[in-house]
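Observations on chain architecture
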Amino acid sequence: MGEAHSDSVNRPDEWKIEQGINGAKLPFLDQTGEETVKIQPKVWDALTKDQAAIDSVGNRDELFKRELDGWEGYVEWEKYPEKKAKAHKLLTSQTFPPNPEYQMGPIPDTNPVLEGADYKAWHAAIGGELTTASDDSWATVLKEKHPDMLHLLQFPYNGEPPKRLVTSKPVTPNSLHFVRNHGGIPIIEKEKWSLDLDGLVANPKKYTLDELMDESRFPQMEKLVTMQCSGTRRIEQISLYAGQGDEVPQAPWAEGAIGTAHYKGISLKKLIKDCGGLINGAKHLEFYGPDTYFKAEQAMNYVVSVPWSKVKANEVILAWEMNGEPLPKIHGYPLRVVVLGYIGARSVKWLYRIKAIENPTMAPVQSKEYLYFNQQVGKHNQRPTDGIQIQEMPVSSAIMSPWNKQVVIHNGSIKCKGWAYSGGGRWPERVELSADGGFSWYAVPNDQMSKKHKWTWRTWEIDLPCDVEGWIEIVCRCWDNSLNTQPLTVRAAWNWGLHVTSSAHRIAVYSVNKTRQITRDRLAKFEETGAVLAPLTCPEHFETQSQEDYKKFWEENDPRDVDD
């Protein structure tokens with residue numbers, strides 16, 4: 001008798017789950033005991049809300065009202081521990097829906113790619129001045145950014161230009177410059193804005209923007225600066241192995257989280273001098289942004305620091321102008337920090353306070369995030385002290401054209417273009433490309449690279465020799481002026497925080513070489529018959545070799561099989 005059939009326990013997507021295509025649904029296997037135990041992924045239950053606890057906090061519109069007239073979207077957290085405690089109670093008295101899993105599951109086919117449901121919910125839970133932060137920020141995005149921007153995370157806004165526009169110009173237009181925000185976009189009136197410089201300085205002072213712009217007091221400086229997010233090319237790490245990183249969903253950045261602009265302002269060093277200099281062992285400058293940031297169910301302002309040695313070298317600008325225009329609101333109007341050669345996260349926007357301190361800031365953005373971990377560090381054992389705080393950006397590069405998995409029809413060389421950058425005051429000295437996975441390298445000719453500058457990228461183009469056909473791997477790497485170069489594999493750069501994808505950029509391209517006679521004839525046949533050439537995997541619907549040709553081949557060559 002046949003075996004009795006039982007009801008299937010397979011899920012409709014069983015095959016995808018088993019093949020790791022929906023890895024977030026795979027159970028953990030606990031093999032520490034005699035029997036293997038399966039730990040199933042969390043299924044989110046109905047959301048809970050302790051309304052009595054929430055009501056006990058008080059009137060949120062009053063507690064978290066606008067901090068200053070003319071400063072829309074700003075709530076001050078750092079001066080008021082009691083306000084932070086109330087926000088913490090609000091966030092822990094209710095549960096929030098989880099973000100969609102996309103690192104080990106499908107990435108949505110939408111723009112914006114990710115919504116940022118958690119940050120929207122947290123801002124709404126605090127209420128008061130943060131009630132409309134999400135909608136207000138999105139309205140600013142639509143007003144100030146190019147309509148073709150790729151919105152990776154709607155709130156807090158993370159966006160990059162499409163590949164075809166990343167290096168279309170050596171200097172990035174304001175509307176196409178990438179944006180990595182950590183909260184809402186404050187709208188601040190210039191006349192109502194001021195900057196405090198306090199802490200361990202001889203004479204703490206408050207400045208208006210007009211005072212900072214007074215050339216009789218502070219000499220102005222202009223710099224062409226490339227700014228890069230440490231998440232640039234993160235999608236390559238995610239495609240290899242999932243990770244974690246910040247509290248916000250890890251925006252799946254591609255190669256566009258980098259931009260170059262002319263900034264105008266003053267050196268922070270001059271302002272320190274105007275306050276009588278540092279005192280009592282101060283060695284770091286702490287920057288305060290008015291946007292509200294969340295970490296571990298705590299609300300705070302965006303705070304980071306840089307060492308005095310960086311400021312002393314005139315490598316920290318307080319900028320009010322970007323590419324000849326006042327800073328766009330989304331980029332920090334009326335004043336932002338621009339830290340030359342450092343990770344973009346240190347260049348605080350909407351700056352309202354600078355505090356001289358003795359040690360690096362303990363604020364979570366710097367002490368618990370933007371850390372580069374060893375590959376054996378992950379969710380199960382991560383400690384902030386195991387990570388290296390990311391400051392100077394390493395040497396990196398990227399191919400903007402062609403695109404990964406693209407078919408290229410060519411005459412023996414493939415036209416490639418892209419960018420290369422190195423932080424810390426170093427610059428790209430040589431860019432090399434390979435069409436064979438990294439065995440043979442061709443240098444980009446000097447006259448096909450943009451001008452060399454100390455703090456900026458170089459854009460480049462090259463006709464890359466390629467004789468072979470079929471799938472090839474094009475690889476790009478950069479050598480900077482210190483002869484630093486990029487590790488050759490993504491694995492070498494992978495880390496739990498998914499930061500700094502500095503490995504050589506690799507793309508798979510299908511090569512169709514028209515210098516080959518068979519290829520020329522076959523392409524003519526596609527055109528003659530009107531057959532579909534794209535997509536690549538769609539079969540052709542015409543005979544590729546006649547029966548006569550087939551028979552003739554075997555008449556002129558050895559048979560398919562031999563007798564001895």
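Residues numbered from 1 in each chain as written. Predicted model: local features only at pLDDT ≥ 70, side-chain atom pairs only at ≥ 80, totals over all residues. Heavy atoms only, no water.

Named according to an unreviewed UniProt entry, the chain is Sulfite oxidase originating from Cadophora malorum. For the record of the chain, the UniProt heading Cofactor (unreviewed entry) holds the text "Mo-molybdopterin". (UniProt positions renumbered as here; feature names shortened; annotations may be inferred.)

Turning our attention to a nonpolar patch on the surface. On the surface, Val407, Ile409, Trp471, Leu533 and Leu536 cluster together to form a nonpolar patch covering roughly 440 Å² of accessible area. You can see Ile409 is positioned in strand 21 (residues 406-410). The class for Ile409 is partly exposed, based on a relative accessible area of 44%. (Patch = residues over 30% accessible without salt bridge, like charges linked within 9 Å, V, L, I, M, F, W, Y side chains within 5 Å. Areas by Shrake-Rupley, 256 points an atom, 1.4 Å probe, with all protein chains shown as cover. Salt bridge = Lys/Arg side-chain N within 4 Å of Asp/Glu carboxyl O. Helix = DSSP H or I, 4+ residues; strand = E, 2+ residues; numbered from the N terminus. Buried < 20%, exposed > 50% of the residue type's maximum accessible area, 1.4 Å probe, protein only.)

In terms of nonpolar packing, the biggest core is built from 113 residues, with Leu212, Leu268, Leu271, Phe287 and Leu318 touching the most fellow members. By size, the runner-up hydrophobic cluster in this structure holds 21 residues, among which are Cys416, Ala420, Leu464 and Cys476. (Core = buried A, V, L, I, M, F, W, Y, C linked by side-chain atoms within 4.5 Å.)

Another aspect to go through is the environment of Gly289. Mapped onto the fold, Gly289 is located in strand 12 (residues 284-295). Note on Gly289: relative accessible area 0%, which makes it buried. For the pair formed by Gly289 and Glu76, sequence separation is 213 residues and the distance between their alpha carbons is 9.5 Å. What Gly289 contacts, discounting residues up to four positions off in sequence, is Asn301, Tyr302, Val348, Lys349, Trp350 and Tyr352. (Contact = heavy atoms within 4.5 Å.)

This part covers the pattern of salt bridges. With the rule as written, the count across this model stands at 30 salt bridges. Residue Glu78 is joined to Lys84 by a salt bridge in which the shortest nitrogen-to-oxygen separation is 3.2 Å. Residue classification places Glu78 among the partly exposed residues on the basis of a relative accessible area of 28%. What makes Lys84 partly exposed here is its relative accessible area of 22%. Salt-bridge contacts for Lys310 lead to Glu315; the nearest nitrogen and oxygen are separated by 2.8 Å. Grouping residues by exposure puts Lys310 and Glu315 together as buried. Linked through salt bridges whose partners overlap, the residues forming this network are Asp69, Glu189 and Lys192.

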